Every structure is written in structure tokens, then in C-alpha cells.
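# Survey of secondary and tertiary structure
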Amino acid sequence: MFQDLLRRLTAPEPSALPELDCRLALGALLVRIARTDGDYAAVEIAQIDKALVARYGLSPFEAAALRAECEALEAEAPDTVRFTRAIKDTVSYEDRVSVIEALWSVVLADGVRDDEEDSMMRMTASLLGVSDQDSHRARLKMSAG
């Protein structure tokens, strides 16, 4: 189902992603971070939907449908290293920082910071080319809000 997108994401020189593919790729990252600790909690799912509504102006129904597609893509997607490389190469730095904010909002949604989630966040921020300082600011912003 997602083979064309996955092929483009993992190409040696990924091209800019069309808007729908970008939504899927970024949503799949949200799903991946939520699944990192082995507990894909309802509160995390709700936060993913909320992030998709806010980021893309979707209705709750549209966000839930997009998340379902993102869940399927995440399950088929290669390792995070290859997956994030294409996003880094095709999404502006400011948008990548906002992705880190959305990722932190999912990590913090259940009120528990897990070592696996922290490790995945450090790796993902680095792979997306987002500085530790900007990731830290994003975490503080999401903790306060």
C-alpha cells in the first residue's frame, strides 16, 4: 500500500515529498514515538490526533483516518534512520522543530517519560537535524502547554 512512498523515502537522493506524503511520513513518526515504550496508550493516540488537527487543519474524523494510515505506514517503514533522512532533506528546519514539538507532546501525553522514549527523541531530533537546544526548548514548551 505504501511501497511507492517508502521507496521515495529511502531513495539515495529523496525528492521533495508531496503534501499528502509529508503528512503520512510525519504522522508515522508520531506513531513511532508513541509505540517506542511498548505501550501505545489511548492518551497518546488522542495526542497524535490533536497534533494532526493542529498541524494540518483537519477535522477530528480526518485526523483519526490519517493516523490510521500513519499507523500502517509506521508498521511497514524501515528503520528510523532511513525514514527521517528523507524528512530532513525535504522539510524546512522550522517545520522540523514543530515536528519535534509534536513528538514531545506525544511523549509527554501519558505523564511518564520513559528511557526508550527519551533515547528515541534524542536520536530523532539528531536525525532530523534539530539541535539539542531546540529540542530542549520544544520539550519545555510542550511541558508547559
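Anyway, here's the lowdown on the structure attached to this text. (Residues numbered from 1 in each chain as written. Predicted model: local features only at pLDDT ≥ 70, side-chain atom pairs only at ≥ 80, totals over all residues. Heavy atoms only, no water.)

With that settled, consider the overall build of the protein. A count of helical and extended segments in the protein gives eight helices and zero strands. Going through the 145 residues of the protein one by one, you find that 46% of them count as buried. Long-range pairs, those at least 24 residues apart, make up 74% of the contacts in the protein between residues at least 6 apart in sequence. Of the roughly 7100 Å² of accessible surface on the protein, 53% is carried by carbon and sulfur atoms. (Helix = DSSP H or I, 4+ residues; strand = E, 2+ residues; numbered from the N terminus. Buried < 20%, exposed > 50% of the residue type's maximum accessible area, 1.4 Å probe, protein only. Contact = heavy atoms within 4.5 Å. Areas by Shrake-Rupley, 256 points an atom, 1.4 Å probe, with all protein chains shown as cover.)

Before going further, it helps to spend a moment on the packing of helix α3 (residues 42–56) against helix α4 (residues 60–76). Contact geometry for α3 and α4: axes closest at 9 Å, N-to-C directions at 115°. With respect to their mutual orientation, α3 and α4 come out roughly perpendicular. Both α3 and α4 take part in a crossing whose hand is right-handed. Every residue of α4 that contacts α3 at Ile45, Ile48, Asp49, Leu52, Val53 and Tyr56 is listed here: Pro60, Ala63, Ala64, Leu66 and Arg67. A per-class count over the contact of α3 with α4 returns nine nonpolar, no polar and two charged. (Axes fitted to C-alpha atoms, helices over the stretch in contact; angles between N-to-C directions. Parallel < 35°, antiparallel > 145°, perpendicular 65-115°, else oblique. Left-handed = near helix turned anticlockwise from the far one by under 90°. Nonpolar A, V, L, I, M, F, W, Y, C, P; charged D, E, K, R; others polar.)

The subject of this paragraph is the nonpolar core. Within the largest apolar cluster, 35 residues are counted, with the highest numbers of intra-cluster contacts made by Leu30, Leu52, Ile100 and Leu103. With ten residues, helix α2 (residues 19–35) is the single largest residue contributor to this core. Apart from the residues lying within four places of it in its own chain, the contact partners of Leu52 are Gly27, Leu30, Gly57, Leu58, Ala63, Leu66 and Arg67. (Core = buried A, V, L, I, M, F, W, Y, C linked by side-chain atoms within 4.5 Å.)

Here we take up α4. A rise of 1.5 Å per residue sets the reference length of α4, with its 17 residues, at 24 Å; its end C-alpha atoms lie 25 Å apart and thus fit the reference within 8%. For α4, the complete set of buried residues consists of Ala63, Leu66, Arg67, Cys70, Glu71, Leu73 and Glu74. The arc enclosing the buried residues of α4, seen along the axis, measures out at 170°, which places them on a common side. Projecting away from the buried face of α4 at angles above 90 degrees are the exposed residues Phe61 and Ala75. (Expected span 1.5 Å × (residues − 1). Arc of directions from axis to C-beta.)

Moving on: α3. Along an α-helix, residues three or four apart share an orientation, since each turn contains 3.6 residues. With 15 residues, α3 should reach 21 Å at 1.5 Å per residue; the first-to-last C-alpha distance of 21 Å fits that figure. Looking only at α3, the buried set comprises Glu44, Gln47, Ile48, Asp49, Ala51, Leu52 and Tyr56. Positive phi shows up at Gly57, right after α3, with a value of about 65°.

Counted according to the given criterion, the structure contains seven salt bridges. Between Arg137 and Asp134 there is a salt bridge whose closest N-O contact spans 2.5 Å. A residue pair is termed a helical-turn pair when its members lie 3 or 4 positions apart in one helix, as Arg137 and Asp134 do in helix α8 (residues 132–144) at three residues. In the salt-bridge network here, residues are joined through shared partners; they are Arg32, Arg35 and Glu74. (Salt bridge = Lys/Arg side-chain N within 4 Å of Asp/Glu carboxyl O.)

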